[in-house]
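Descriptive structure summary
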Amino acid sequence: MSRSAAATVDLIAIDVRRCCGAGMCALIAPEVFDQDPESGTVVLLDSRPERYDLVRDAVVSCPSGAISLTEP
Amino acid sequence: MPQHPINLPTARPAPLDLPVELADLRRDRPLTRMVFPDGHEGWLVTSYTGVRDVLADPRFSRRSELLHRQIARPGKATTPPPAPPGFFIGMDPPDHTRLRRHLTGQFTVRRMNQLQHRIGEIADDCLTAMVEHGPPMDLVEAFALPIPSLIICELLGVPYTERERFQRDTAALFSLESTKEEAAAAFASLTGFILSLVPGKRDNPTDDMLSGLAANDALTDDEIAGMGMLLLFAGHETTASMLGLGVYALLRHPEQLARIQADPGLVDNAVEELLRYLTIVHLGTLRTALQDVEIDGHLIKKDECVSLSLPAANHDPARFTDPERLDVGRSAVGHVGFGHGIHQCLGQQLARIVLRVGYAKLLARLPGLRPAVPLEDVPMRDAMAIYGVHSLPVTW
């Protein structure tokens, strides 16, 4: 998969202030999202991942709207 | 044409079927007027998008004292009292945020996955005891109840020597045989007990949640005890009900049970589908408008209480194809079995791992598992806030 078209844009945005630490993103797309071990809030591991289907599932599953996605 | 306000539909035509009125409402008027038992005229939401929208909207409050009970409880006020210290489930931001933040790091996916081995040991112990006893046995008493109880005990950090008392009080609190007075006494005993553990955890911390909370200067001892009780309440009956009712559902759908037995890797997905299909918070959840809010051309006025039907949302054909069919292979992503919005279940990742390990161990150890009574005779928790089976006699 070519990533060249997406190389200059931040495709996934997280808003830690909105995050309630439910962990759905880290459950569904663990290669893209993790949780801070102290606060449990979202940590973005990879802003240009391979598996967009999983990222979309994570966005849909986030209870507090802390993740948004701009498709390449 | 004006429509008369309805009551919350609760009558199920069959144990795993939802009240038929919910599907009619969802199709014809997904936001409708509903009369609460105290006479309050509020609203009922039955569509997936409607339920999610309200639960994600900060103009709606979860403060206990603003809500109206959906089911009349003899001897109880129609409006619940304010949340006790630490019970952040009944608070709004910023109080809710301040308290919940102290626990979210304890319930991360990573931490909960680390419990997999220990949960497996506890499940193995229960299954060994069942095998040694021999069939028939009540799966609720022998398996579904003790697993969450022991896990919460260990997570909170109840000293080993005190576990008998803890489990006795917990059993009294959640038993249907307990009178209101017995349950109140058990509640007071447990709260006092957790409170009494706090100074010791502060002076000699161990690797558990109460120690973590006790080390935090920002929390009062009453808040810590309240948070401990909340974890106990929220994590005990719910997980136990899902374990028991999940097995009941699979026994009613033997073709789905056979799929998991043939491919144990399906169990993680089956857990999500069972959470969707069963939606054990079957009376839904409540919010109250903090200001006038217009939704879909309806004006929800300040102080009006809104009932969000989680089961109706999880069975919305606009979101889940053929929703009345249990299909352990489908994607149930986005289900609202754990709620939605900032109050979404804090312990859901613990529940997931307990359910995954629990079902997997049970089906592996007792491959011939089957009901010991006709399934029509299994007593259901109809009138309870958390749906489930009261008991489930099984053989193998």
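Remember, predicted model here, so these are calculated numbers, not experimental data.

Moving on: the overall build of chain A. Within chain A one finds two helices and four strands. In chain A, the succession of α and β elements from N to C terminus is β-α-β-β-α-β. The proportion of buried residues among the 72 residues of chain A is 36%. Restricting to contacts in chain A with at least 6 residues of sequence separation, those with at least 24 account for 57%.

What follows covers the environment of Ser68 of chain A. All names here are of chain A. Along the chain, Ser68 turns up in strand β4 (residues 67-69). Ser68 gets classed as partly exposed once you count the C-beta atoms within 10 Å, which come to 13. With 16 residues separating them in the primary sequence, Ser68 and Tyr52 have C-alpha atoms 12 Å apart. Look past the residues within four positions of Ser68 in its chain and what remains in contact with it is Ala13 and Val59.

A word on the environment of Gly347 of chain B. All names here are of chain B. Within the secondary structure layout, Gly347 lies in the loop between α14 (310-314) and α15 (348-365). We classify Gly347 as buried; it has 22 C-beta atoms within 10 Å. For the pair Gly347 and Leu231, spaced 116 residues apart in sequence, the C-alpha separation works out to 8.0 Å. When residues no more than four places from it in sequence are discounted, the contact partners of Gly347 are Phe107, Leu231, Ala234 and Gly235.

Time to look at the pairing of strand β8 (residues 305-308) of chain B. Residue and element names in this part refer to chain B. Here β8 shows no split at all, with Cys305 and Ser307 on one side and Val306 and Leu308 on the other all buried. Across three bridges, the pairing between strand β2 (residues 41-45) and β8 is parallel. When the bridges of β8 are listed, Trp43 appears paired with Val306. As defined by bridge partners, strand β5 (residues 285-289) adjoins β8 across four bridges and the pair is classed as antiparallel. If you follow Leu286 over to β8, its bridge partner there is Ser307.

Here we take up the sheet that holds strand β10 (residues 393-395) of chain B. Residues and elements named next belong to chain B. Across the sheet, which stays open at both edges, the three strands sit in the order β4-β10-β9 with antiparallel pairing between neighbours. Each edge of the open sheet carries a strand with a single partner, namely β4 (137-138) and β9 (370-371). As judged from the two bridges shared by β4 and β10, these two strands associate in the antiparallel manner. Bridging from a neighbouring strand, Asp138 pairs with Pro393 of β10.

Across the boundary between the two partners, chain B contributes 17 residues, which contact 19 residues of chain A. Secondary structure elements with two or more residues in the side of chain B that touches chain A: α3 (95-104), α4 (109-114) and α15 of chain B. Top contributing element to the side of chain B that touches chain A by residue count: α3 of chain B, with three residues. By residue class, the composition of the side of chain B that touches chain A is five nonpolar, nine polar and three charged.

Before going further, it helps to examine the packing of helix α11 (residues 221-252) of chain B against helix α13 (residues 267-278) of chain B. Describing two packed helices takes the angle between their axes plus the distance from one axis to the other. All names here are of chain B. Following both chains from N to C, one finds α11 and α13 inclined at 95°, their axes separated by 11 Å at the closest point. Relative to α13, the element α11 is oriented roughly perpendicular. Here Leu245, Gly246 and Ala249 of α11 come into contact with α13, specifically with Leu274, Tyr277 and Leu278. Tallied by class, the residues present in the contact of α11 with α13 amount to five nonpolar, one polar and no charged.

Now for the nonpolar core. Cys25 and Ala58 of chain A together with Val51, Ile147, Val306 and Val354 of chain B are the most contacted members of the largest nonpolar core, which has 124 residues in total. Of the residues forming this core, the biggest block, 15 residues, is contributed by α11 of chain B. Non-local contacts of Val51 of chain B, meaning those with residues more than four positions away in its chain, are made with Val45, Leu308, Ser309, Leu310, Ala313 and Val336 of chain B.

Confidence in the prediction for chain A averages 86 pLDDT; 83% of positions are at 70 or higher. Mean pLDDT across the elements of chain A bottoms out in β4 of chain A (91) and peaks in strand β2 (residues 33-35) of chain A (97).

Turning our attention to the sheet that holds β5 of chain B. Within a sheet, neighbouring strands are paired by backbone hydrogen bonds and run either parallel or antiparallel to one another. Residues and elements named next belong to chain B. A sheet is described by the order of its strands in space; here five strands give the open sequence β1-β2-β8-β5-β3, paired in mixed fashion. Edge positions in the open sheet fall to β1 (31-35) and β3 (60-61), since each of these has one partner strand only. Of the strand pairs in this sheet, β1 and β2 are connected by five bridges, and their pairing is antiparallel. From the neighbouring strand, Leu31 faces β2, where its bridge partner is Val45. This element, helix α2 (residues 48-55), spans β1, β2, β3, β5 and β8 of the sheet and lies at about 130° to β8.

What counts, and at which threshold
- Residues numbered from 1 in each chain as written.
- Chains lettered and ligands numbered in written order.
- Predicted model: local features only at pLDDT ≥ 70, side-chain atom pairs only at ≥ 80, totals over all residues.
- Helix = DSSP H or I, 4+ residues; strand = E, 2+ residues; numbered from the N terminus.
- Buried ≥ 20, exposed ≤ 12 C-beta atoms within 10 Å, placed from the backbone.
- Contact = placed C-beta atoms within 7 Å.
- Pairing = 2+ DSSP bridges.
- Nonpolar A, V, L, I, M, F, W, Y, C, P; charged D, E, K, R; others polar.
- Axes fitted to C-alpha atoms, helices over the stretch in contact; angles between N-to-C directions.
- Parallel < 35°, antiparallel > 145°, perpendicular 65-115°, else oblique.
- Core = buried A, V, L, I, M, F, W, Y, C linked by C-beta atoms within 7 Å.
- pLDDT = per-residue confidence, 0-100.

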